[in-house]
Structure formats: structure tokens, C-alpha cells
Amino acid sequence: MKKLSNLFANNRSWSDRLREQDPEFFPTLAGQQAPEYLWIGCSDSRVPANEIVDLLPGELFVHRNVSNIVVHTDMNCLSVLQYAVEVLKVKHVMVVGHYGCGGVRAALDQQSHGLIDNWLRNIRDVYYKHRALVGPWKDTPPQVDMMCELNAVEQAYNVCNTTIVQDAWARGQELSIHGWVYSLKNGRLTDLEFCADGPENAEAELHQAIARVESTRAFS
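Since the model is a prediction, treat every value here as computed from it, not as a measurement.

## A look at the sheet that holds strand β1 (residues 37-42)
Pairing in this open sheet of five strands is mixed, and the strands run β2-β1-β3-β4-β5 from one edge to the other. With partners counted over all chains shown, the strands left at the sheet margins are β2 (61-65) and β5 (189-196), one partner each. Pairs of neighbouring strands in the sheet enclose a mean axial angle of 20°, with direction left out of account. Bridging between β1 and β2 involves five bridges; their strand directions are parallel. Note on β2: the bridge partner recorded for glycine 41 is arginine 64.

## Some remarks on the environment of valine 213
As for its placement among the helices and strands, valine 213 is situated in helix α10 (residues 202-217). Distance from valine 213 to serine 67, taken between C-alpha atoms, is 18 Å for residues 146 residues apart in sequence. Not counting residues up to four positions away in its chain, the partners in contact with valine 213 are Met146, Glu149 and Leu150.

Parameters at a glance
Residues numbered from 1 in each chain as written. Predicted model: local features only at pLDDT ≥ 70, side-chain atom pairs only at ≥ 80, totals over all residues. Heavy atoms only, no water. Pairing = 2+ DSSP bridges. Helix = DSSP H or I, 4+ residues; strand = E, 2+ residues; numbered from the N terminus. Axes fitted to C-alpha atoms, helices over the stretch in contact; angles between N-to-C directions. Contact = heavy atoms within 4.5 Å.

Encoded structure:
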């Protein structure tokens, strides 16, 4: 039986290195968790949330799933969101997709992938909503990138419509919802221009973000 001793060795080296750099790092970390941000991203191993935004452990609360999907029946995601908003009092929730997402491609490739097809159906719904913009599906890189952007925007809008966020806004809590996308090719984030901070502007932010996708992709 393999016990992955190399990972434990890596852990010890990492721990020793951090303690050498800052002897108070772990005691401080153990004593508090007060992040201002919740990152809802893809499970892809190439998209490490903290590293991308250069934040230390304890500074970013993270939830990840296949293709950064937010649906109102996912108790896992909603529980994370509730804890982040109501207990940690985060001020920002970022839904972050990434270009070349395998889940986005799998959702639209007309092949059977088993159980996960039920989950990826949510992305197919995004495609059907925006089919006039995306066009007949041919799995081209520009189409995949457009769908990755549209999916991030639509999932950010879904966050806005959860009872958790609606209740937070109703009681006057400072909370902004963002839609971003990450590029594996250069390590850069792109703001998809969805930034809702109340129920009165969430739909307007959705339309603005979709218009941005349409205008930028028209020239790609």
C-alpha cells in the first residue's frame, strides 16, 4: 500500500520554510479566520485560488466544483456561501471561470459522460440561453472561451439570486458579487464587468456583462 510519503515530506518542507520566514505565521493563522473574499471556482488543479490573487491562507475562503457552477439545489455550495456571508461576513464573492474549461466542453460535446452529465446540464442551459450569440456548437476555441465567460457571468448572477445574498442585501450588509475568468496561458484574471452590490442592479450588471462578452468576442 502506497502511503504518499512524498507528500508528507513536501508538507514538512513547506511548514519548515514558512516557520523560518515567519515564526508567528501558523500561531496567527490558527487564531483567526477573517477573509474578506469568497472564491467560487473550478476544481481544475491548474487554477489555485490563493496563488492566483497572491493571498495567504486565511485571507480567501474557497469553494470549488466542476466548472464553477452555482445552482439553488447544491447544498454544499449554498452552505459555503451562507457561512461566508453570515458568519465570516465576507465583502466580496467572486465566481471565477477559466478559459479552456473541460467541463464546459464536455457539457456540449454530445457524448455521454455518466453521472456528471446531470451536473453539466447547467452549462448546457447557459448555452441554450445564449445560443444566438454563441452560434451552432462547433467546439472552436473562440466558442469555448465565450462559453467560459458566459458561464461565469450566469453563475455570478445565480449567486445574486440566492436567498442568502438577497437576505444579506435586505439587512444592509455590504456585499458585492463579481464575475471573472482566468487564463491558463498567461496567469491573468479578466474582469467580466459583472459587479452587483444590491438587488436593484444585479440584472443590469448581467446585461452589461453579456454585452461585454458579445463586443469583445466579435473582434476575436
